[in-house]
Amino acid sequence: MSTIRLPAVLALAATLLTASACAQSGAAPQVRFTPFVSGLSQVTTLTHAGDGSGRMYATEQGGLVRVIEGGKLRDQPFLDVRNLTSAGGERGLLGLTFDPAYKTNRRLYVHYTDRNGDTVLARYTAAPDFSRADPGSARVLFTTEQPYANHNGGQLAFGPDGFLYLGLGDGGSGGDPQNNGQDLASPLGKILRFDVKGDAARPAPGNPFLNRQGANPNIWAYGLRNPWRFSFDRVSGDLIIADVGQNEFEEVDRQPRTSKGGENYGWRVREARSCFNPPSGCPTQGLTDPVLQYGRNEGQSITGGYVYRGNAVPALKGRYVFADFGTGNVWAAPTTGQSWSKARIGSVQNPSTFGEDEAGELYVAEYGSGRVLKLSR
């Protein structure tokens, strides 16, 4: 008969009490960033296929989709689009997501900038054994010109409504010189929402500007500068957007699951909650405030993450975990109310993207080192 030593019981009790107190007080949870896999190059996306395989997928900016299986990086790429893109700066392979019905229809979607630097949304079909994506299955679903080399956005994700969301930046340069963020005729500076259930990408039913003359029918939300990463809370269904700032502030925007779309997050009228153009006295009616912002003393390029719903770090449950690419700071913020407060939980090197596995555990990629780290207790 085995015995349980009293110190072990006390240690377990202390751990549970600490986690509970941490969750209630808003204090910084104790988190470890454990090396998970290495050998990648300039990771832009981490995701899973939702097919029960346990595999994760990483996009490399240069144009490869790589498979992580059993904690190891597979040598053979899943997809190679290097001949379709000219990567560098903020260009390249920027987004990847899998169809909710991937296990039966084998469809996946990528977002990249082509050799001219313009945006491409394309669909591929995986081989019957799911070992790779068939390069001959490529179908371009959406394109748009990019006037400058930066602010291409990146994120692709299916929402709880089954529609495909794509985040695009304002087209680049500085200060949004073409005012794309506020221009409803342009898809730039927007979150777009598509119905891809058929053989094409169509504006999703219910899109807020579907029937407005002169407006782009794919727009779901607007007034964004460069929504590099956004995510859906797998429990609440809320859309959380991390928008990279201009001169002073980085911001996090939240759209509740019940939204009908059409939110204006303010750029270039405002940067976070501060006037930008004009620099003072800007109109605020109709603008949606961010739930969180931070200044240049804490970072300079936000990398959006996820609301943590895993089990490895109980104190993180229900908190939005995100980071700053420039400083490497990683924070967690309780997702209650209209103004969130963050607590620093650690630091990593140039965090370029976060990713969830099928169980809701959270990972972060280091852009320069090529490592993926797992959040653990």
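The structure we're discussing is the one just above.
Since the model is a prediction, treat every value here as computed from it, not as a measurement.

**Student:** Now, about the sheet that holds strand β17 (residues 239–243): what can you tell me, with residues and values included?
**Tutor:** Strand order across the open sheet formed by four strands is β16-β17-β18-β21, with antiparallel pairing between neighbours. The open sheet has two edge strands, β16 (229–232) and β21 (292–295), and neither has a second partner. Averaged over all pairs of adjacent strands, the angle between their axes in this sheet comes to 10°, without regard to strand direction. Here β16 pairs with β17 via four bridges, running antiparallel. Pairing of F232 across the sheet is with L239, part of β17.

**Student:** Can you tell me about the environment of R212, naming the residues and giving the values?
**Tutor:** With respect to the helices and strands, R212 occurs in the loop between β14 (202–203) and β15 (219–222). Taking the C-alpha atoms as reference points, R212 and L184, separated by 28 residues in sequence, lie 9.4 Å from one another.

**Student:** For the sheet that holds strand β28 (residues 372–376), give the residues involved together with the corresponding values.
**Tutor:** Read from one edge of the open sheet, four strands run β1-β28-β27-β26, paired in antiparallel fashion. Looking along the sheet, the strands with just one partner apiece sit at the ends: β1 (32–37) and β26 (351–356). Across the sheet, the mean angle separating the axes of adjacent strands is 35° when strand polarity is ignored. Alignment of β26 against strand β27 (residues 362–366), held across five bridges, turns out to be antiparallel. Its bridge partner lying in β27, P351 is registered against E366.

**Student:** Lay out the packing of aromatic side chains with the relevant residues and their values.
**Tutor:** For the coordinates displayed, the defined rule picks out 18 aromatic pairs. Measuring from centroid to centroid gives 4.8 Å for F36 and Y363, while their planes differ by 55°, and the two rings are tilted. Of this pair, F36 sits in strand β1 while Y363 sits in strand β27; the two residues are 327 residues apart in sequence, bridging distant segments of the chain. Under the relative-accessibility criterion, F36 is labelled partly exposed at 25%. Residue Y363 is classed as buried on the basis of its relative accessible area, which comes to 3%. Judged by centre distance (5.2 Å) and plane angle (55°), the ring pair of F142 and F194 falls under tilted. With F142 in strand β10 (residues 133–144) and F194 in strand β13 (residues 190–195), this pair connects stretches of sequence that are 52 residues apart.

Reading guide: rules and limits
- Residues numbered from 1 in each chain as written.
- Predicted model: local features only at pLDDT ≥ 70, side-chain atom pairs only at ≥ 80, totals over all residues.
- Heavy atoms only, no water.
- Pairing = 2+ DSSP bridges.
- Helix = DSSP H or I, 4+ residues; strand = E, 2+ residues; numbered from the N terminus.
- Axes fitted to C-alpha atoms, helices over the stretch in contact; angles between N-to-C directions.
- Phe/Tyr/Trp six-rings, centres within 6.5 Å; stacked < 30°, edge-to-face > 60°.
- Buried < 20%, exposed > 50% of the residue type's maximum accessible area, 1.4 Å probe, protein only.

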